[in-house]
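These are the residues of each chain, in order.
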Amino acid sequence: MPSDYGLIAEVYDRINAAVDYTALAAFYRRAFLKYGENPEIVLDLACGTGRLTGEMAALGFDMIGVDGSSEMLMCAQDRLLGRERILLLCQQMEQLDLYGTVDAAVCCLDALNSLLQEGTLRAALQKVSLFLV
């Protein structure tokens, strides 16, 4: 059975049409630089349909997009097909298991609000912390 986000995957981008992912990616890059960071590999946690993932890759970051909804990731894969520097993984945030470390992590919009079970937010943040350099 599809996840709740899987049920809206096909219309998710229309629901969030007002979000300027180009500006959001630029904001993250400025924030990295402001704090003296120049990450090479960036995790996009709960990447959804991959709009931010693609914008960050266009800025030169190697991206790992992780989402728990296979339906959302299928939309991301269609959007990002043929793009280099992007790896997409289907995993729940609280069960994150990367192949190596990342230099930075982003998680935008309301993604963390979907962690409703007791302890899942803590577990997700602990997993992200485990893979941050």
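Predicted, not measured: the structure shown is a model, and the values here were computed from it.

Enquirer: Is there a simple way to explain the overall build of the chain in this structure?
Expert: When you go through the chain residue by residue, the secondary structure sums to six helices and four strands. Tracing the chain from N to C terminus, the helices and strands come up as α-α-α-β-α-β-α-β-β-α. Per-residue burial over the chain gives 37% buried out of 133 residues. The contacts of the chain with a sequence gap of at least 6 include a subset with a gap of at least 24, amounting to 65%. Counting only carbon and sulfur atoms, one obtains 52% of the accessible surface of the chain, whose full area is about 7900 Å².

Enquirer: What exactly am I supposed to notice about the packing of helix α3 (residues 21-34) against helix α4 (residues 51-58) here?
Expert: The relative placement of two packed helices is expressed as an angle between their axes plus a distance between the axes. Two elements in contact, α3 and α4, have axes whose closest approach is 9 Å; the angle formed by their N-to-C orientations is 55°. The pairing of α3 with α4 is recorded here as oblique in orientation. For the pair α3 and α4, the sense of crossing is right-handed. Facing Tyr21, Thr22, Leu24, Ala25, Tyr28 and Phe32 of α3, the residues of α4 in contact are Arg51, Leu52, Glu55 and Met56.

Enquirer: Help me understand the pairing of strand β3 (residues 86-90) in this model?
Expert: Moving residue by residue along a regular strand, the side chains alternate between the two faces of the sheet. Bridge count between strand β2 (residues 62-67) and β3: five bridges; the pairing is parallel. Each bridged residue has a counterpart across the sheet, and for isoleucine 64 the counterpart in β3 is leucine 87. Handedness of the crossover is the feature at issue here: the chain leaves β2, passes through helix α5 (residues 70-80), returns alongside β3, and the resulting connection is right-handed.

Thresholds, definitions, all that
- Residues numbered from 1 in each chain as written.
- Predicted model: local features only at pLDDT ≥ 70, side-chain atom pairs only at ≥ 80, totals over all residues.
- Heavy atoms only, no water.
- Helix = DSSP H or I, 4+ residues; strand = E, 2+ residues; numbered from the N terminus.
- Buried < 20%, exposed > 50% of the residue type's maximum accessible area, 1.4 Å probe, protein only.
- Contact = heavy atoms within 4.5 Å.
- Areas by Shrake-Rupley, 256 points an atom, 1.4 Å probe, with all protein chains shown as cover.
- Axes fitted to C-alpha atoms, helices over the stretch in contact; angles between N-to-C directions.
- Parallel < 35°, antiparallel > 145°, perpendicular 65-115°, else oblique.
- Left-handed = near helix turned anticlockwise from the far one by under 90°.
- Pairing = 2+ DSSP bridges.
- Right-handed = clockwise from strand over helix to strand, strands pointing away.

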